[in-house]
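Below, each chain spelled out in residue letters.
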Amino acid sequence: MDIIYSAKPLIAILVSLFVIPILISSRSDNTREAWTFVAAILKFIIIASMAPLVLKGAQIQFTLFEVMPHLAIKLKVDSFGLLFALVSSPLWIITSVYSIGYMRTLKEHSQTRYYCYFAMSLSATIGVAFSANLLTLYLFYEMLSFATYPLVTHHQDQEARSSGRKYLLYILGSSIAFVLPAMLFIYIKTGTFEFVPQGFMAGHFTHGTLLVLLLMFVFGFAKAGIMPFHSWLPAAMVAPTPVSALLHAVAVVKVGVFCVARVITGVFGTKLLLSTDLNTVVCYIASFTIIAASLIALSQDGLKRRLAFSTIGQLSYIVLGVALLSPLAVTGGILHIAMHAFGKITLFFCAGAIFAASGIKNISDMVGIGKRMPITMTCFLIGSLSVIGLPPCGGFISKWYLVLGTLEAGKMFFLFVLLVSSLLNAAYFLPIVYRAFFCTDEESMFENTVNEVPTWCLVPLCITASISVILFFFPQPFLKLAHMTAQTLIGG
Amino acid sequence: MVQQLPALLIIVPLLTALVVAMASWISPRLCLPLTFSGLALSLAASIGVLMEVIAHGPVTYTMGGWNAPMGIVYVIDYLSSPILVVITSVAILNLISARKSVEESFPGKTGAFYSLYILFTTGMIGIVATGDAFNLYVLLEIAALTGYSLIGLGNDRAPLASLNYLFIGTIGASFYLLGVGYLYIATGTLNMADLARFMPQMADNSMVLFAFIICMTGLFIKMALFPMHGWLPNAYSFSSTAATGVIAPLTTKVMIYAMIRVGLYVFTPAYIFNTLHMSKAIVWVAIAAIVMGSLLALAQKSLLKMLTYIIVAEVGYMVGGFFLGNRMGITGATLHIINDAAMTLCLFMAAGAISYKLKDDSFASMKGLFRKMPVTMIGFGAGALAVIGIPPTCGFFSKWYLITGGMEAGQYGFVAALLFSSLVNAVLFFRIFEIAHFEPFADPHDHHHHGHSETVNEAPLSMVVPLLVVAAALIVLGIYSGDIVTKIIQSAIPAGIV
């Protein structure tokens, strides 16, 4: 494997931090938002420019500081990290377009602060994606927690305050209480933190210690939303919708599963987990979350809350896929990061568009809304299909690999979990679409005239919905990257 | 020149103190520039010595040419040189930051204040630089007496708090002196290196045992180790922020230094960690300090009081880390002296700026502070993250070594206490952030315009700039903590400790 030393990953991380002083000092809203685009587009270009090398099997590395003897803040771009970065960075561009429409339509306050912390969150997200060792990962993980807090509490009212409190309590509390000691313990015993394909834990720990450490990581990275450490996510829905869309459907939550996946594959390693059968424990935990979250989602009337519980369930698909540790399941799990991202962000954009256009938050008030906002609701349908995992949407492909993966691993129980969950997904999404379009005039709560949201909001959600469909036909480069990741990690 | 630097370190500020006192009779306006240049020279000297130590090893200076063990020697080695830089930098940064509030709080007394200020700093420098156990006591009293008067200059309740501190502080210092007296009876010398040489033959001597107990108790009182912390919260919160800004970051930390110095270089590690079986018990006291300090901090309703209890908890970190008795723990304790001084300085400077503007430091008065004083709050936030222990701030790295040390020593109680304290610190600071960020709550009907009513009313530049410098230093110290540990601290710890 070729290793290339380049500062590109660092620049990709920092580009959005450098833009913050410019954002603060911008005199008009237009310049501020123009600079956000400059940063977002630059970030995407830099990340995309690394793709050809990584697709050829090379790895890009960069070492910053040696903060402790033999332990550096180090960046590495491999296929897994690149896939995650390639999902988040273009979505930032699209979300910025959407933010302009949403924030201006609702005349939100403190927009400069909002754009600054958004830029900071993206830096942290890409930082997690490109971390080469556990310490760097932890650093960016915590940075993301703090950068997103002012976004979650944007409205600065009583509800935002209690939600913000819950958000930090879960995310910061679990990382300090579980991840930090587990990291330190591993460091003392092994003396290394570097992610390597077969992990570095073998031979240092007893079976029981391994189990405890594994659970400390799985629950400690609470951003992954594994039950019972999930309830920060529905609470975080008080944030403005673009935040929920990019951060709480893509960046933050996927940082959580990304961390769990990195630790399972890069710290513990496939062979060790398979030989001790500890991965099955994680599979059962994830399965419980999948089913429970889907059942709770059924009962939610707030659209964003229903989406949040759906996200919790879908995140555990990824964890389940990785924890099954068969090549196809890992491919499916990792691919699901991309597929779910595009589907779920579409759904959130739609929820925000409905709120911005009509002020409606609850599903029970959305009867007949399809006649008023046909484009939005069509995109909602596409997003739903992708999340349920039906063709012709990208979500089908990742779920297909997941299903094959359960068969490959020979664990029929988890196949059953996936199928039941798909049915539940359909049960909580499709009625929304059905009621939006098919109702009698008496039932309809809206006038029959088309009244869509401003273009700034509408275009982004059409783009993400189209990408969800396109990914079904052309799943590259995500599929290739997921394959490569599965191959290096599992060797299958 | 380099050979004279240790003397300059002490003599320059000592003489400046006199000059400042005299200059105040001529014109009070001369005092600040004089104090500043005196401290600047000491800072330059301390950096020079640090460079020299890193390049060529420890520097020894014999005062007046009287050789040890008869004369007094100043030994600046890997342990003391970084602390000296910390002391002089803290003093000079706080001096700049405190100017406005000194002029406002002590009209007509600025000369006295600056003179005491620099004398206090001299005492602190001396404690760290000296290689003589009795001389350490003398300088301890210089620092303490000036400290009492600086604190006494505060608000109406400060004189009583200062008197209380004086009583307890004097008891502490006397204990230490008594301990040194016993050592002198047992060995006939006061020079630290000389004392350490006698130690192996003295392992069974009960007088040495008694000296150890009483010396350490004295130092524990002076550093406010729980449950001997009673003097600290009032003394630090009723005094002027100009004085606390230098006293709070330095006093407890320098006492920790004295503990490490006396422990490693007088009683020797072999004696305290192997011969005696007290370390475990002391670590448990430290655990109590961490837990109780954190809990008491939770109970406070004003910023300065809360910060003082955080100091009580932090003292527990360092005492516990040292008495773990392994290399990681002692590294953590030593590194934390530097880091905690910087963190405490940052927080007290921010608190100084806040109370300078608001004339109040209760939590209730901090509503809307993010909008009123955005830059100060950035500095405060950086300090808060460091105290919680979030990378890449320096607080994370010292905590890292301390926790690692705790795990290696099998002291899981200490590990749990550190994690607990981190979580409590997160709660403490986010409680303030919440008040400053969310309150006052807006009128629900005026959803989109709330918060705009508060206008920016930032502290003066002379407060904000040093604060931001310290905030940046917290991150720089974090990033370079690897170098600090490998190039300096590792050499400060005797080779026998693993």
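Residues numbered from 1 in each chain as written. Chains lettered and ligands numbered in written order. Predicted model: local features only at pLDDT ≥ 70, side-chain atom pairs only at ≥ 80, totals over all residues. Heavy atoms only, no water.

### A short note on the overall build of chain B
In step 1: Along chain B, the regular secondary structure elements total 20 helices and two strands.
In step 2: Computed over C-alpha atoms, the radius of gyration of chain B comes to 22 Å, within 12% of the 23 Å expected from 2.2 N^0.38 for 498 residues, which places it in the range of a compact globule.
In step 3: Dimensions of chain B, computed from the C-alpha atoms along their principal axes, are close to 80 × 60 × 45 Å.
In step 4: Counting the 498 residues in chain B, one finds 63% classified as buried.
In step 5: Once local pairs closer than 6 in sequence are excluded, the contacts in chain B between residues at least 24 apart make up 80%.
In step 6: If you sum the accessible surface of chain B, you get close to 17000 Å²; carbon and sulfur atoms cover 69% of it.
In step 7: Counting 21 positive and 21 negative side-chain charges, chain B places the averaged centre of each group 3 Å from the other. (Helix = DSSP H or I, 4+ residues; strand = E, 2+ residues; numbered from the N terminus. Rg over C-alpha atoms; globule rule 2.2 N^0.38 Å. Buried < 20%, exposed > 50% of the residue type's maximum accessible area, 1.4 Å probe, protein only. Contact = heavy atoms within 4.5 Å. Areas by Shrake-Rupley, 256 points an atom, 1.4 Å probe, with all protein chains shown as cover. Lys, Arg positive; Asp, Glu negative; His and termini not counted. Charge placed at Lys NZ, Arg CZ, Asp CG, Glu CD.)

### Here we look at the overall build of chain A
In step 1: Helix and strand content of chain A: 19 helices and three strands.
In step 2: Over its C-alpha trace chain A gives a radius of gyration of 21 Å, about what one expects of a compact globule, namely 23 Å for 492 residues.
In step 3: The buried share of chain A, reckoned over its 492 residues, is 67%.
In step 4: Working note: accessible area of chain A is about 15500 Å², and carbon and sulfur atoms make up 68% of it.

### A closer look at the interface of chain B and chain A
In step 1: Across the boundary between the two partners, chain B contributes 36 residues, which contact 39 residues of chain A.
In step 2: Each partner contributes to the roughly 3400 Å² buried at the junction of chain B and chain A, and carbon and sulfur atoms together form 73% of this total.
In step 3: For chain B, the biggest contributors to the area lost against chain A are Trp400, His437 and Phe438 of chain B; these three give 19% of the whole.
In step 4: Taken together, chain B and chain A are joined by two salt bridges.
In step 5: We note a salt bridge from Glu434 of chain B to Arg161 of chain A, for which the minimum N-O separation is 3.1 Å.
In step 6: Summed over the shared surface of chain B and chain A, the result is seven residue pairs in polar contact (both at pLDDT 80 or more). (Buried area = accessible area lost by both parts, 1.4 Å probe. Salt bridge = Lys/Arg side-chain N within 4 Å of Asp/Glu carboxyl O. Polar contact = N/O pair within 3.5 Å; in protein donor to acceptor, adjacent residues only side chain to side chain.)

### Focus: the pattern of salt bridges
In step 1: In this structure the tally under the stated criterion is 12 salt bridges over all chains.
In step 2: Close ionic contact of Arg262 of chain A with Asp78 of chain A constitutes a salt bridge, the shortest N to O distance being 3.0 Å. Here Arg262 of chain A is found in helix H9 (residues 241-268), whereas its partner Asp78 of chain A is found in the loop between strand S3 (71-77) and helix H3 (79-105), with 184 residues between them in sequence.
In step 3: Where Arg261 of chain B meets Asp77 of chain B, a salt bridge forms, and the shortest distance between an N and an O atom there is 2.9 Å. With Arg261 of chain B in helix H10 (residues 241-265) and Asp77 of chain B in the loop between strand S2 (73-76) and helix H3 (80-105), the pair connects residues that are 184 residues apart, well separated along the chain.

### Points about the packing of helix H16 (residues 374-388) of chain B against helix H19 (residues 461-479) of chain B
All names here are of chain B.
In step 1: Running from N to C, H16 and H19 point in directions that differ by 30°, and their axes come no closer than 9 Å. When the axes of H16 and H19 are compared, the pair comes out roughly parallel. Handedness of the H16/H19 crossing: left-handed. Across the interface between the two elements, Val375, Thr376, Gly379, Ala382, Gly383 and Ala386 from H16 touch Val464, Leu467, Leu468, Ala471 and Leu474 from H19.
In step 2: Residue composition of the contact of H16 with H19, grouped by class: eight nonpolar, three polar and no charged. (Axes fitted to C-alpha atoms, helices over the stretch in contact; angles between N-to-C directions. Parallel < 35°, antiparallel > 145°, perpendicular 65-115°, else oblique. Left-handed = near helix turned anticlockwise from the far one by under 90°. Nonpolar A, V, L, I, M, F, W, Y, C, P; charged D, E, K, R; others polar.)

### Some thoughts on the side chain of Ser398 of chain A
All names here are of chain A.
In step 1: Along the polypeptide, Ser398 turns up in helix H16 (residues 394-409).
In step 2: A relative accessible area of 0% means that Ser398 is categorised as buried.
In step 3: Once residues lying within four places of it in the same chain are set aside, the contact partners of Ser398 are Gly332, Leu335, His336 and Met339.

### A short note on the packing of aromatic side chains
In step 1: All chains considered together, the criterion is met by 51 aromatic pairs over all chains.
In step 2: Residues Phe80 of chain A and Phe258 of chain A carry aromatic rings whose centres are separated by 4.5 Å and whose planes lie at 35° to one another, so their mutual orientation is tilted. With a gap of 178 residues between them, Phe80 of chain A in helix H3 and Phe258 of chain A in helix H9 connect regions that are remote in the sequence. Across the pair, exposure class does not vary: Phe80 of chain A and Phe258 of chain A are buried alike.
In step 3: Seen in terms of ring centroids, Phe113 of chain B and Tyr117 of chain B are 6.0 Å apart; in terms of plane orientation they differ by 35°. Their pairing is tilted. (Phe/Tyr/Trp six-rings, centres within 6.5 Å; stacked < 30°, edge-to-face > 60°.)

### Comments concerning the packing of helix H5 (residues 134-152) of chain A against H9 of chain A
Residue and element names in this part refer to chain A.
In step 1: As a packed pair, H5 and H9 sit with axes 12 Å apart at the nearest point and diverge in direction by 160°. Comparing the axis directions of H5 and H9 gives the class roughly antiparallel. Where H5 crosses over H9, the two elements pack in a sense that is left-handed. Between H5 and H9, the residues in contact are Leu134, Leu137, Tyr141, Leu144, Thr148, Leu151 and Val152 and Val243, Leu247, His248, Val252, Val255, Phe258, Cys259, Val263 and Val267, respectively.
In step 2: Grouping the constituent residues of the contact of H5 with H9 by class yields 14 nonpolar, two polar and no charged.

### A closer look at unusual backbone geometry
In step 1: Of note, the bond from Pro391 of chain A into Pro392 of chain A is cis; its omega dihedral lies within 30 degrees of zero at 5°.
In step 2: With respect to the helices and strands, the residue Pro392 of chain A is situated in the loop between helix H15 (374-388) and H16.
In step 3: You will see that Thr268 of chain B, though not glycine, has its phi angle at about 65°, which is positive.

### Points about the environment of Lys8 of chain A
All names here are of chain A.
In step 1: One can find Lys8 in helix H1 (residues 8-25).
In step 2: We classify Lys8 as partly exposed; its relative accessible area is 31%.
In step 3: Sequence-wise, Lys8 and Thr331 are 323 residues apart; in three dimensions their C-alpha atoms are separated by 26 Å.
In step 4: Every residue in contact with Lys8, bar those within four places of it in the chain, is listed here: Ile46, Ser49 and Met50.

### Examining the nonpolar core
Across soluble globular proteins, you tend to see nonpolar side chains buried next to one another.
In step 1: Counting 387 residues, the largest nonpolar core has Met259, Phe267, Val319, Phe323, Trp400 and Phe429 of chain B as the members making the most contacts within it.
In step 2: With 19 residues, the top contributor of residues to this core is H9 of chain A.
In step 3: Sequence-distant contacts of Trp400 of chain B, defined by excluding residues within four places in its chain, comprise Met68, Leu71, Leu135, Met183, Leu184, Tyr187 and Phe193 of chain A. (Core = buried A, V, L, I, M, F, W, Y, C linked by side-chain atoms within 4.5 Å.)

### Remarks on the confidence of the model for chain B
In step 1: Per-residue pLDDT for chain B averages 90, and the proportion of residues at 70 or more is 97%.
In step 2: Across residues 446-453 of chain B the pLDDT falls below 50, and counting only partners more than four positions away or on other chains, this stretch makes 13 contacts in the model. (pLDDT = per-residue confidence, 0-100.)

### Overview of the sheet that holds strand S2 (residues 59-68) of chain A
Residue and element names in this part refer to chain A.
In step 1: Spatial ordering of the open sheet is given by S1-S2-S3, a layout of three strands whose pairing is mixed. Strand pairing shows two members of the sheet lacking a second neighbour, strand S1 (3-5) and S3, which therefore form its edges. Neighbour-to-neighbour, the strand axes of the sheet open up by a mean angle of 35°, direction not taken into account.
In step 2: Summarising the sheet, S1 and S2 pair through three bridges and their orientation is parallel. When the sheet's bridge partners are listed, Tyr5 is paired in S2 with Gln61.
In step 3: The strands touched by helix H2 (residues 29-55) within the sheet are S1, S2 and S3, with S2 carrying the most contacts at an inclination of about 110°. (Pairing = 2+ DSSP bridges.)

### Overview of helix H8 (residues 206-223) of chain B
All names here are of chain B.
In step 1: With 18 residues, H8 extends 26 Å between its outermost C-alpha atoms, agreeing within 8% with the 26 Å of an ideal straight helix rising 1.5 Å per residue.
In step 2: Regarding H8, the residues found buried are Val208, Ala211, Phe212, Ile214, Cys215, Met216, Gly218, Leu219, Phe220, Ile221, Lys222 and Met223.
In step 3: Close packing links the buried residues of H8 with helix H5 (133-152), helix H6 (158-187), H10, helix H11 (269-275), helix H12 (279-298) and helix H13 (303-323).
In step 4: Residue Asn205 occupies the N-cap position of H8, its side-chain oxygen lying 2.7 Å from the main-chain nitrogen of Met207.
In step 5: Immediately beyond the C-terminal end of H8, within one or two residues, lies Ala224, with a positive phi of roughly 65°. (Expected span 1.5 Å × (residues − 1).)

### What about helix H18 (residues 455-473) of chain A?
Residues and elements named next belong to chain A.
In step 1: In this model H18 runs 27 Å from its N-terminal to its C-terminal C-alpha over 19 residues, within 8% of the 27 Å that 1.5 Å per residue would give.
In step 2: The complete set of buried residues in H18 reads Cys457, Leu458, Pro460, Leu461, Thr464, Ala465, Ser468 and Leu471.
In step 3: Buried residues along H18 sit against H3, helix H13 (327-358), H15, H16 and helix H19 (478-490).

### Remarks on a nonpolar patch on the surface
Residues and elements named next belong to chain B.
In step 1: On the surface, Ile11, Leu15, Leu18, Val19, Met22, Trp25, Ile26 and Leu30 cluster together into a nonpolar patch covering about 860 Å² of accessible area.
In step 2: Inspection of the secondary structure puts Leu18 in helix H1 (residues 5-26).
In step 3: On the basis of relative accessible area, Leu18 is assigned to the exposed category, the value being 51%. (Patch = residues over 30% accessible without salt bridge, like charges linked within 9 Å, V, L, I, M, F, W, Y side chains within 5 Å.)

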